[in-house]
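Descriptive structure summary
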Amino acid sequence: MARRRKKTTQVSPPPADIKRPGRFSGGLIVSVIITLILAGIPFALGKHIEFNSPGPFDSGAFVYSAKHLLNGAQWGVEEQSSARPNTLLANVVGVRLFGFNETGPKAVQMILQLGALGFMFYTLRKVFGPVASVVGTTVAAIYLSAPLIAKFGNVKEQFMIPLMIAAACCFLLYGYSSKRFWLILSGFFALQPYYFKPTGLSIVIALGISIIAGNALSKKPKQLALELGLFLAGYTAGLLVPGSLYIWQGLLSSLLRTLPVVMLEAGLLFGVVVFGIAAVIVLIKRYQLIMQLRHVSKWIPIAGLCLIFIALAAAAAMIKKEPGSEDSDIVSYFYDIPLVSFPRRLYFMADTQISKLLAATGLSGGYVANSWKAIGIADLAPKVFRYYKALSVPILLAMASVIAAVWVWVRRLKIKTPPEDIQSKLVWMLAVWWMIDIAFVWGSPRSYEQYYLPLCASGAML
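This write-up is about the structure you can find in this document. Everything numeric in this text was worked out from a predicted model, so none of it was measured. (Residues numbered from 1 in each chain as written. Predicted model: local features only at pLDDT ≥ 70, side-chain atom pairs only at ≥ 80, totals over all residues. Heavy atoms only, no water.)

Now for the overall build of the protein chain. On a plain count of helices and strands, the protein chain comes out with 21 helices and 0 strands. Within the span of the protein chain, comprising 462 residues, buried residues form 37% of the whole. Put simply, of all contacts in the protein chain between residues at least 6 apart along the chain, 74% involve residues at least 24 apart. Within the structure as shown, the protein chain displays about 27,200 Å² of accessible surface, and the carbon and sulfur contribution to it stands at 69%. (Helix = DSSP H or I, 4+ residues; strand = E, 2+ residues; numbered from the N terminus. Buried < 20%, exposed > 50% of the residue type's maximum accessible area, 1.4 Å probe, protein only. Contact = heavy atoms within 4.5 Å. Areas by Shrake-Rupley, 256 points an atom, 1.4 Å probe, with all protein chains shown as cover.)

Here you go:
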């Protein structure tokens, strides 16, 4: 009888220690040092000049308005401030922390800028690499603090730009990592710039186009609905920031008349209508209602329509015979029929939302519309192109990035292989944002240097 062999198990040697790269690699340290030198020194010099110079333009007025509110004045009644809600809120925080002077709002502005530049460096390095992070952060730091264009002092553009950068960075990180909380944060930050200045909507438009176009081209309707939902959730949550000022002043109804809220209402109405139409189409396809209707005798719907007309005619005749009745009573009766009243309500709701949008944007009148009556495009163009020339570095860098992105896309289309890397897709959001900022400077006929700050930021990121 053969002896059973014992099974021998070979014990593998313990794995050698895998050397993982540290969180702070040599390349990162070098990039940080270069950025601190190239971007930090000009930024520090700009801030030194700013803190030691009296704030021109509206700076002092904003500080006075903030102090007046802190002393108990009612916004819109005892204090008619030219500052928009978030600008006023930032000045209130600055005055509260640092006293009745211009140092507080300037310090708040500097903290926001430093946070945005740091976030920008981190995002560009993670998504596009170290060279992009160094160049982009350096250009943004120089042009957002240089006397050439920065408009020293407590100004709304300098407050809103860090939040525009934060919204763009969060969206890039969402596209790079697919972590949903980044998209929610992107919506939260994207709301804030408008409440500093209406042109802050450029980042909202760019993000919206990127979400819709990206999913439409790839034919992903469910992904589109999910991303829009996440973005709008953050966008709605962002109302807490300007809303805090409205609630403090007891003016919550005024918040509901602002453009972002009106846009949300219009978007919700449009979404409900689209969802209803889509649901009807799905039901028709699922139950093959059109095919089934073909089997129904054509005389049945004809007879039904005839009965409806007879009933309506009889009802109109009965109303006419009532003592004291007028023709308007018959019209009112027809308007109350569900098949008539529902489309009419939809029409009036849409018309109301359009009127609110026009009123909130100021397109129906106001400063911009009245300014165009006094100054024409022939007077504006030389000023705009003069500023374009002064800002040639960020503009040329942005144009080079757009040309490179177009070249890559066309080259891939020729070989019928669209770009698969996420960078080639995300760059289009930055390009759209920059082009909107470039176009927005033509919106107002009174062209001041601070109007060109946003395109420096979007151009630097691009």
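From this point on, the discussion continues.
Counting across every chain of the model gives 1 cavity of 30 Å³ or more. Empty space within the largest cavity amounts to approximately 40 Å³. As for the largest cavity, its lining consists of F43, Q113, A116, L117, L144, I161, P162 and I165. Partitioning the lining of the largest cavity into residue classes produces 7 nonpolar, 1 polar and no charged. (1 Å grid on protein atoms, 1.4 Å probe; cavity = no way out; pocket = protein on both sides within 12 Å on 5 of 7 lines; lining within 4 Å. Points joined across faces, edges and corners; volume = space filled by probe spheres on them. Nonpolar A, V, L, I, M, F, W, Y, C, P; charged D, E, K, R; others polar.)

Residue position: G267 is located in helix α12 (residues 259-287). Note on G267: relative accessible area 40%, which makes it partly exposed. Residues G267 and L232, 35 residues apart in the sequence, show an inter-C-alpha distance of 9.9 Å.

Further remarks concern helix α18 (residues 377-390). Here α18 spans 20 Å end to end across 14 residues, near enough to the 20 Å set by a 1.5 Å rise per residue. Three or more residues of α18 are buried, namely L380, A381, V384, Y387 and Y388. Along α18, the residues classed as buried sweep out an arc of 135 degrees about the axis, all on the same side. Facing away from the buried surface of α18 by more than 90 degrees, the exposed residues are A378, P382, F385, R386 and K389. (Expected span 1.5 Å × (residues − 1). Arc of directions from axis to C-beta.)

Following the criterion strictly, the structure yields 3 salt bridges and no others. K47 is paired through a salt bridge with E50; the nearest N and O atoms lie 3.1 Å apart. Taken as a pair, K47 and E50 lie in helix α1 (residues 26-51) at a separation of 3 residues, close to a single helical turn. Comparing K47 with E50, the two get one shared label, buried. Ionic pairing is found between K197 and E157, a salt bridge with its closest N-O pair at 2.8 Å. Taken together, the residues K197 in the loop between α7 (180-191) and α8 (201-217) and E157 in helix α6 (residues 156-177) connect sequence positions 40 residues apart. (Salt bridge = Lys/Arg side-chain N within 4 Å of Asp/Glu carboxyl O.)

Taken as a whole, the second largest pocket encloses approximately 920 Å³ of empty space. Along the walls of the second largest pocket sit 27 residues, with S210, G214, N215, S218 and K425 positioned nearest its centre. Looking at the lining of the second largest pocket, the elements with two or more residues in it are α6, α8, α9 (221-237) and α20 (422-440). The greatest single-element share of the lining of the second largest pocket, amounting to 8 residues, is contributed by α8.

A few words now on the side chain of E79. Position of E79 among the secondary structure elements: in the loop between α2 (59-70) and α3 (85-98). Lacking a salt bridge, the buried E79 has K67 as its closest oppositely charged neighbour, with an N-O distance of 13 Å. One polar contact links E79 to H68, side chain to side chain, over a distance of 2.6 Å. Those residues in contact with E79 that lie beyond four places of it in its chain are Y64, S65, H68, L69, A73 and Q74. (Lys, Arg positive; Asp, Glu negative; His and termini not counted. Polar contact = N/O pair within 3.5 Å; in protein donor to acceptor, adjacent residues only side chain to side chain.)

With that settled, the discussion passes to the packing of aromatic side chains. Tallied over the full model, the rule gives 11 aromatic pairs. Their ring planes at 85 degrees and their centres at 5.7 Å tell us that F188 and F189 sit as a pair that is edge-to-face. With a relative accessible area of 24%, F188 lands in the partly exposed category. When the ring of F385 is compared with that of Y388, the centres are 5.8 Å apart and the planes differ by 85 degrees; the resulting orientation is edge-to-face. With F385 and Y388 both in helix α18, this residue pair falls 3 residues apart, about one helical turn. Residue classification places Y388 among the buried residues on the basis of a relative accessible area of 15%. Aromatic rings pair up to connect F385, Y387, Y388, W442 and Y452 into one cluster. (Phe/Tyr/Trp six-rings, centres within 6.5 Å; stacked < 30°, edge-to-face > 60°.)

Take it as geometry only, folks, not as evidence of what the structure does.
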